[in-house]
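The residues making up each chain are set out below.
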Amino acid sequence: MRIIAVGGAGTIGKAVVAALSDQHEVVVAGRRSEAVPVDIRSTDSVRAMYQQVGTFDALVSTAGDAHFGPFDTMTEAQLARGIESKLLGQIRLVLLGRPLISDGGSFTLVSGYLLNDPIPLGTSFAVANGGIEGFVRAAALNLDRGIRINAVSPGMAEDSREEFADFNPGRLPVPMDTITSAFVRSAEGWRTGEIIRAW
Ligand SMILES: NC(=O)c1ccc[n+]([C@@H]2O[C@H](COP(=O)([O-])OP(=O)(O)OC[C@H]3O[C@@H](n4cnc5c(N)ncnc54)[C@H](OP(=O)(O)O)[C@@H]3O)[C@@H](O)[C@H]2O)c1
């Protein structure tokens, strides 16, 4: 398959690209990508990405960010960062990509454990993750031409342990291949409307 990996240069994205590259042609897109630059917060930018890439059979997204900080001082604008980037940005990939993806193609978005096991600084992530999972379940009922959609919900990634362990007391890091195999299962498998938990 020809697979677009949006956010494929990030911590999880790099591992996902490595896991898919043996069997598939993977096109890496991202904010800082020289080959296929895209900012998922912008409709024009996502349209330009699809125009540049051309035909594709699957898209895996490990892109998007959100505000990480104290609830007491969190502003609406800070909360909106996760909505505009991680939530709406990934939804935009589907809305603009659905007429272009091959018959039987698949979209795989990323949510995360902070929805189900929230931590005090992670409200913006919890909100974005909840939106992604709701979107995936509903979109699966509506996509035609055999197009599938799933979300992978990673736990705290092994490669992010140093960055996040202090904020997640007692949480075991998830091996990278547990996370990457969830993306592979979504892209190569048959299921749709599923939230694949990698934790
Ligand atoms: N790491 C974890 O333990 C963990 C656990 C659960 C869920 N998650 C979720 O998994 C996703 C990836 O996490 P990560 O740790 O791999 O993060 P990361 O290392 O920061 O990578 C994020 C990737 O997304 C891209 N990106 C961010 N904003 C973008 C935008 N507006 N347009 C296009 N690309 C954008 C970045 O591209 P540039 O580098 O070019 O800016 C980067 O390649 C995030 O949504 C995160 O919430 C992560």
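Note: the structure precedes this text.
Here we summarise the structure given alongside this text. (Residues numbered from 1 in each chain as written. Predicted model: local features only at pLDDT ≥ 70, side-chain atom pairs only at ≥ 80, totals over all residues. Heavy atoms only, no water.)

1. Comments concerning the site of the ligand
Moving on, step 1. The ligand sits among 26 residues. The nearest are Ile12, Arg32, Lys86, Ala157 and Ser160.
Moving on, step 2. A distance of 2.8 Å separates an oxygen atom of the ligand from a polar backbone atom of Ile12.
Moving on, step 3. In isolation the ligand offers 890 Å² of accessible surface; the protein chains occlude 87% of this area.
Moving on, step 4. Of all the cavities here, the one that holds the ligand is the largest pocket.
Moving on, step 5. Tallied by class, residues from the shell around the ligand come to 11 nonpolar, 10 polar and five charged. (Near = heavy atom within 4 Å. Polar contact = N/O pair within 3.5 Å; in protein donor to acceptor, adjacent residues only side chain to side chain. Areas by Shrake-Rupley, 256 points an atom, 1.4 Å probe, with all protein chains shown as cover. 1 Å grid on protein atoms, 1.4 Å probe; cavity = no way out; pocket = protein on both sides within 12 Å on 5 of 7 lines; lining within 4 Å. Sits in = over half its atoms within 2 Å of the grid points. Nonpolar A, V, L, I, M, F, W, Y, C, P; charged D, E, K, R; others polar.)

2. Observations regarding the layout of surface pockets
Moving on, step 1. Computed from the structure, the largest pocket encloses a volume of approximately 1,100 Å³.
Moving on, step 2. Forming the walls of the largest pocket are 42 residues, and the residues nearest its centre are Thr11, Thr62, Ala63, Gly64 and Asp65.
Moving on, step 3. Elements that contribute at least two residues to the lining of the largest pocket include exactly helix 1 (11-21), strand 2 (25-29), helix 3 (76-97), helix 4 (123-140) and helix 5 (161-164).
Moving on, step 4. Across the lining of the largest pocket, the residue classes tally to 19 nonpolar, 15 polar and eight charged. (Points joined across faces, edges and corners; volume = space filled by probe spheres on them. Helix = DSSP H or I, 4+ residues; strand = E, 2+ residues; numbered from the N terminus.)

3. So, the packing of helix 3 against helix 4
Moving on, step 1. Interaxial distance between helix 3 and helix 4 falls to 8 Å at its minimum, and their mutual angle equals 20 degrees. As far as their axial angle goes, helix 4 and helix 3 are roughly parallel. Crossing of helix 3 over helix 4 shows right-handed handedness. In this structure, helix 3 contributes Gln78, Leu79, Gly82, Ile83, Lys86, Leu87, Gln90, Ile91, Val94 and Leu95 to the contact, and helix 4 contributes Ser124, Phe125, Val127, Ala128, Asn129, Gly131, Ile132 and Phe135.
Moving on, step 2. For the contact of helix 3 with helix 4, the class distribution of residues is 11 nonpolar, six polar and one charged. (Axes fitted to C-alpha atoms, helices over the stretch in contact; angles between N-to-C directions. Parallel < 35°, antiparallel > 145°, perpendicular 65-115°, else oblique. Left-handed = near helix turned anticlockwise from the far one by under 90°. Contact = heavy atoms within 4.5 Å.)

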